[in-house]
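# Tertiary structure, described
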Amino acid sequence: QFFFQFFFLLLLLLPLLPILLLLLLSCKLPMSQGEFIKRFRAAGMDSFEIHETPDGQLMYHLGSDDEMKLFHEMEEEVHRMRGEVAAQITNGTASKEDMERLCDEIVSSPLYLQDESREGQFWMMICLRARKYEVDRAVDVYLNYLAFRVQFGVGDEDDEDNEATRALVKEDVFRCAGNIDKNGRYVWGFDGGRLFPKNYTPRIVTKAIHHMIEHLMRSHPDAAIKGTITIANFKGFGLSNFDPETEKAFMEAVTNRIPLRQGSFYMINAPLILKIVFPIAKMFMKKKMKDRMNLIHKRDLMQFIDEAQVDREFGGTYIRDKLYIHYPTTIPIPNMDEGMH
């Protein structure tokens, strides 16, 4: 009886063997659902902070009196908080977060932006917009961002990872070229199948991503409030393209260290393994993140983005200028009066 049950089960499974074979080939290396979920969790994708969905609209005219009033409120709050935390560090009552981002080692670095400098003023405004003009939240991400710049050597001509970052940027794996979706949000592109973490450390990948965001904000200062969407092209994606440490570093950077508002996430050209495990992975996501993750065919992109704004390789007519592949960015910091209009 056991033999016949086993034989019957084997007959049922035989038609699935070609599918299983294609599954392994599409992934390049075998990866079980359990292994994927394990890596998904290790990357922190089930727990990172999700901000409100950007709608592509402006809350204030850029550079208007109303916007500048909130900006000056933020300046005052930054100044107040610096004095308060300095006193707390002296008497030993500062929080771990404040110790890490406002300690002498960080704020005394030549890479640390001064609040009154042209670049400091620019990023303060970007942070204010990226947190929808909520001053307390804007101050928080601003102070985190200044510490991030020091820790990742932003602006350091002698940083040991500059050459590798420049090489990764030139590979055109990440892009933010100025095209927008139907709601006015800027399009962020990523080719998952062409990024091999074994060739680049998480720090290098994070520096390259920051470069793209900095290029976008300098080119289009309204992007901070209008927000972005992501087109993730997974053509050729396999296990060798997925590294938990790299993904975790990226998630930590873009959620509360770099001022960015992320909207919908469209995954196209997904391999079979991703199509199978994605519904399982969504079970571990927060609702806000789950609602934004979309696995679609590339032809469906034009439901969300006009053809003229869709890259040519995805069936549209948009031609990228590729200014973003110059590292460091060649786009100057806008003046407060011109950059806000």
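Higher on the page you've got the structure.
Residues numbered from 1 in each chain as written. Predicted model: local features only at pLDDT ≥ 70, side-chain atom pairs only at ≥ 80, totals over all residues. Heavy atoms only, no water.

When its secondary structure is counted, the protein shows 15 helices and five strands. Within the protein, the fraction of its 341 residues that count as buried is 52%. In the protein, the proportion of contacts linking residues at least 24 apart, taken out of those at least 6 apart, comes to 80%. When the accessible area of the protein is evaluated, it comes to approximately 16,800 Å², of which 57% is carbon and sulfur surface. (Helix = DSSP H or I, 4+ residues; strand = E, 2+ residues; numbered from the N terminus. Buried < 20%, exposed > 50% of the residue type's maximum accessible area, 1.4 Å probe, protein only. Contact = heavy atoms within 4.5 Å. Areas by Shrake-Rupley, 256 points an atom, 1.4 Å probe, with all protein chains shown as cover.)

At a closest axis distance of 12 Å, the pairing of helix H7 (residues 118–130) and helix H10 (residues 202–219) adopts a crossing angle of 95 degrees. In terms of orientation, H7 lies roughly perpendicular with respect to H10. Residue-level contacts link Glu-119, Phe-122, Trp-123 and Ile-126 of H7 to Glu-214, Met-217 and Arg-218 of H10. Of the residues assigned to the contact of H7 with H10, the class counts are four nonpolar, no polar and three charged. (Axes fitted to C-alpha atoms, helices over the stretch in contact; angles between N-to-C directions. Parallel < 35°, antiparallel > 145°, perpendicular 65-115°, else oblique. Nonpolar A, V, L, I, M, F, W, Y, C, P; charged D, E, K, R; others polar.)

Moving on: the packing of H7 against helix H8 (residues 135–151). Interhelical geometry of H7 versus H8 gives an angle of 135 degrees and a closest axis separation of 8 Å. Judged by the angle between their axes, H7 and H8 are oblique. Handedness of the H7/H8 crossing: right-handed. Of the residues in H8, those in contact with Glu-119, Gly-120, Trp-123, Met-124, Cys-127 and Leu-128 of H7 are Val-135, Ala-138, Val-141, Tyr-142, Tyr-145 and Arg-149. Taken together, the residues of the contact of H7 with H8 break down into nine nonpolar, one polar and two charged. (Left-handed = near helix turned anticlockwise from the far one by under 90°.)

All right, on to the pattern of salt bridges then. Within the structure shown, the criterion is met by 25 salt bridges. Two residues, Arg-82 and Asp-115, come together in a salt bridge whose shortest N-O distance is 2.8 Å. You can see Arg-82 sitting in helix H4 (residues 65–91) and its partner Asp-115 sitting in the loop between helix H6 (104–107) and H7, a full 33 residues away along the chain. Linking Arg-185 and Asp-181 is a salt bridge whose minimum nitrogen-to-oxygen distance equals 2.9 Å. Judged by relative accessible area, Arg-185 falls into the buried class, the value being 7%. Owing to a relative accessible area of 5%, Asp-181 belongs among the buried residues under this scheme. A network of salt bridges, in which partner residues are shared, links Asp-172, Arg-175, Asp-191, Arg-194, Asp-311, Glu-313, Arg-320 and Lys-322. (Salt bridge = Lys/Arg side-chain N within 4 Å of Asp/Glu carboxyl O.)

Below, the discussion takes up unusual backbone geometry. Cis geometry is found at the peptide bond from Tyr-327 to Pro-328, where omega equals -5 degrees. Tracing the backbone shows Pro-328 in the loop between strand S5 (293–295) and helix H15 (336–339). Located in the positive-phi region is Lys-132, a residue other than glycine, with phi close to 55 degrees. Its place among the elements puts Lys-132 in the loop between H7 and H8. The phi dihedral of Tyr-133 is positive, around 65 degrees, even though this residue is not glycine. If you trace the backbone, Tyr-133 turns up in the loop between H7 and H8. According to the relative accessible area criterion, Tyr-133 is buried, its value standing at 6%.

Our next topic: the nonpolar core. If you look at the biggest cluster of nonpolar residues, it comprises 79 residues, and the most contacted ones within it are Met-74, Leu-128, Leu-168, Phe-174 and Met-217. If one sorts the elements of this core by residue count, H8 sits on top with eleven residues. Of all hydrophobic cores here, the second largest spans ten residues; its members include Val-187, Tyr-266, Ile-305 and Val-310. (Core = buried A, V, L, I, M, F, W, Y, C linked by side-chain atoms within 4.5 Å.)

Moving on, we come to helix H12 (residues 244–256). Taking 1.5 Å of rise per residue, the 13 residues of H12 would be expected to cover 18 Å, and the 19 Å separating its terminal C-alpha atoms lies within 8% of that figure. Buried within H12 we find Pro-244, Thr-246, Glu-247, Ala-249, Met-251, Ala-253, Val-254, Thr-255 and Asn-256. (Expected span 1.5 Å × (residues − 1).)

Most of strand S4 (residues 262–268) sits inside the fold, with six of its seven residues counted as buried. Relative to S4, strand S3 (residues 228–233) runs parallel, the two being bridged by five bridges. Across the sheet, the residue bridging to Asn-233 is Ile-268, located in S4. For the crossover that starts at S3, traverses H12 and ends in the parallel S4, the hand is right-handed. Examined bridge by bridge, S4 and S5 share three bridges and lie parallel to one another. Within the sheet, the bridge partner assigned to Tyr-266 lies in S5 and is Asn-294. (Pairing = 2+ DSSP bridges. Right-handed = clockwise from strand over helix to strand, strands pointing away.)

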